[in-house]
Amino acid sequence: MVQAYILIQTEVGKAASVAEAIRQIDGVALAEDLTGPYDCIARVESDNVDDLGKLVIAKIQDVDGITRTQTCIVVHV
């Protein structure tokens, strides 16, 4: 299983609605509003890196109000 954190920037005033929409997506374990340079963070899980990419590009980035994402894959060393 691949896990990642998705750091999300949104349009002004859209952080809460973006986080709520992302919570509804299969594969999203957590989505919360933040303060600082990013407006939301999501923890996601998928079977492999290819599925993770599809989740981010086809589902998360498609949410209305998102302007930018950054994916940080969890590694176990």
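Heads up: the structure comes first, above all this text.
About the thresholds
Residues numbered from 1 in each chain as written. Predicted model: local features only at pLDDT ≥ 70, side-chain atom pairs only at ≥ 80, totals over all residues. Heavy atoms only, no water. Disulfide = S-S within 2.5 Å. Buried < 20%, exposed > 50% of the residue type's maximum accessible area, 1.4 Å probe, protein only. Helix = DSSP H or I, 4+ residues; strand = E, 2+ residues; numbered from the N terminus. Arc of directions from axis to C-beta. Contact = heavy atoms within 4.5 Å. Pairing = 2+ DSSP bridges. Axes fitted to C-alpha atoms, helices over the stretch in contact; angles between N-to-C directions.

Visitor: Even after reading the chapter, I still don't get the state of the cysteines, so can you show me in this structure?
Guide: Covalently bonding the sulfur atom of one cysteine to the sulfur atom of another cysteine gives a disulfide. Summed over the entire model, instances satisfying the criterion amount to 0 disulfides. Of all cysteine sulfurs, the one in C72 lies closest to C40, which takes part in no disulfide; the gap is 14 Å.

Visitor: I tried to follow helix α1 (residues 15–23) on my own but got confused; where do I start?
Guide: The periodicity of an α-helix, 3.6 residues per turn, causes residues three or four places apart in sequence to face the same way. Considered for burial, the residues of α1 that qualify are A15, V18, A19 and I22. Seen along its axis, α1 keeps its buried residues to an arc of 100°; they face one direction. Close packing links the buried residues of α1 with β1 (2–10), β2 (28–33), β3 (40–46), α2 (49–60) and β4 (66–73).

Visitor: Sorry if this is basic, but what is going on with the environment of T10 here?
Guide: Turning to its location among the elements, T10 is positioned in strand β1. By relative accessible area, which is 11% here, T10 ends up buried. Taking the C-alpha atoms as reference, T10 lies 11 Å from L34; in sequence the two are 24 residues apart. The contact partners of T10, leaving out residues within four places of it in the chain, are A15, V18, D39, C40, G65, I66 and T67.

Visitor: Honestly, the pairing of β2 in this entry has me stumped. Any pointers?
Guide: In summary, the side chains of a regular strand alternate between the two faces of the sheet. Bridge count between β2 and β3: 5 bridges; the pairing is antiparallel. In the sheet register, D33 faces β3, and the bridge partner there is C40. Between the end of β2 and the start of β3, which pair antiparallel, lie 6 residues, with G36 showing a positive phi angle near 110°.

Visitor: I would appreciate a short explanation of the sheet that holds β4 in the present structure.
Guide: The pairing of strands in a sheet comes from backbone hydrogen bonds and takes either a parallel or an antiparallel form. The 4 strands are arranged β2-β3-β1-β4 in an open sheet whose pairing can be described as antiparallel. Edge positions in the sheet fall to β2 and β4, since each of these pairs with one other strand and no more. Averaged over all pairs of adjacent strands, the angle between strand axes in this sheet comes to 20°, irrespective of strand direction. Alignment of β1 against β3, held across 7 bridges, turns out to be antiparallel. Counted as the bridge partner of L7 is I41 from β3.

Purely spatial values, then, with no claim about function.
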